[in-house]
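Close look at the chain arrangement
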Amino acid sequence: MSQTENIFSLVKKNNLVNATASYYWLSELYNNLPFDKQNDRIQLNTGKMIANGIFYYKDDYPDSHVLDDANFLLNYSNPEFLYIHTMNIDDNGHKHGSDSLTYHAKVLAVDSYLADYLPQWLEQGYQIIITADHGMDFRGNHGGTTADVREVPLYIFSNKVDKRKYSTPVSQLMIAPLVCYLLDIKPGEKMKRLELEGIKNTSEDD
Ligand SMILES: [Zn+2]
């Protein structure tokens, strides 16, 4: 299990509520190890690092259901921080490669689910970050150093970042401090200092 300060622990430390709809790894990383399918799939008001979680353990658990689970958690627990982690794009990328009809169809499917949910969540006052932890190559791998597996989009919906298109690459090590900035909480001591174009006011060092 993670021994390092992370966004979930920081949110908890600041007496804010966190939630996640994600693959069971997240439960293993922060709440219970090993994952107990019979009891760990749905965790509400746990008092643990993740307060509210709905975890799936099959790679083909539909992305639509993950988004629906997330929306349930959003309305059930009113979390300040909600982390959503889908798997169908990655799963189909491994099976068929990135240059396949299936892979593209899975991307478009998530796009359409987000088109339904994003306006609602923004209306409810949420700031939203959409990104990926990696891309995929045409053979179905993502462990290398090439642009197709290393470079992913980063979308930020927030009044705290200037709205325009940026071409400067952003390190993934900026994601955690970015979340802290949007939540207005002090980042973890081991997190990098946030450096991001478009930040409206730099967070304090205190
Ligand atoms: Zn993968």
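Predicted model, so just to flag it, every value in this text is computed and none were measured. (Residues numbered from 1 in each chain as written. Predicted model: local features only at pLDDT ≥ 70, side-chain atom pairs only at ≥ 80, totals over all residues. Heavy atoms only, no water.)

This next bit is on the sheet that holds strand 3 (residues 52–56). With mixed pairing, four strands are arranged side by side in an open sheet as 2-3-1-4. Whereas interior strands pair on both sides, the edge strands pair on one side only; in this sheet they are strand 2 (42–43) and strand 4 (81–84). The pairing of strand 1 (residues 18–23) with strand 4 spans four bridges and is classified as parallel. Residue pairing across strands places N18 opposite F81, the latter belonging to strand 4. (Pairing = 2+ DSSP bridges. Helix = DSSP H or I, 4+ residues; strand = E, 2+ residues; numbered from the N terminus.)

Positionally, N6 belongs in the segment before helix 1 (7–13). Here N6 falls in the buried class, since its relative accessible area comes to 7%. Engagement of the side chain of N6 in a polar contact is seen with the backbone nitrogen of F8, the distance being 2.9 Å. (Buried < 20%, exposed > 50% of the residue type's maximum accessible area, 1.4 Å probe, protein only. Polar contact = N/O pair within 3.5 Å; in protein donor to acceptor, adjacent residues only side chain to side chain.)

Now for the packing of aromatic side chains. Under the criterion given, the structure shown has eleven aromatic pairs. Ring geometry for F8 versus Y83: centroids 6.2 Å apart, planes at 80 degrees, classification edge-to-face. Of this pair, F8 sits in helix 1 while Y83 sits in strand 4, placing them 75 residues apart in sequence. Overall, the relative accessible area of 31% leaves Y83 in the partly exposed class. Plain terms: the ring middles of F35 and Y57 are 6.3 Å apart, the flat faces sit at 50 degrees to each other, and that makes the pair tilted. Separated by 22 residues along the polypeptide, F35 in the loop between helix 2 (25–30) and helix 3 (37–40) and Y57 in the loop between strand 3 and helix 4 (63–77) bring together distant segments of the chain. The ring of Y181 has K160 lying over it, and the distance from NZ or CZ to the ring centre is 4.6 Å. (Phe/Tyr/Trp six-rings, centres within 6.5 Å; stacked < 30°, edge-to-face > 60°. Lys NZ or Arg CZ within 6 Å of the ring centre and 35° of its normal.)

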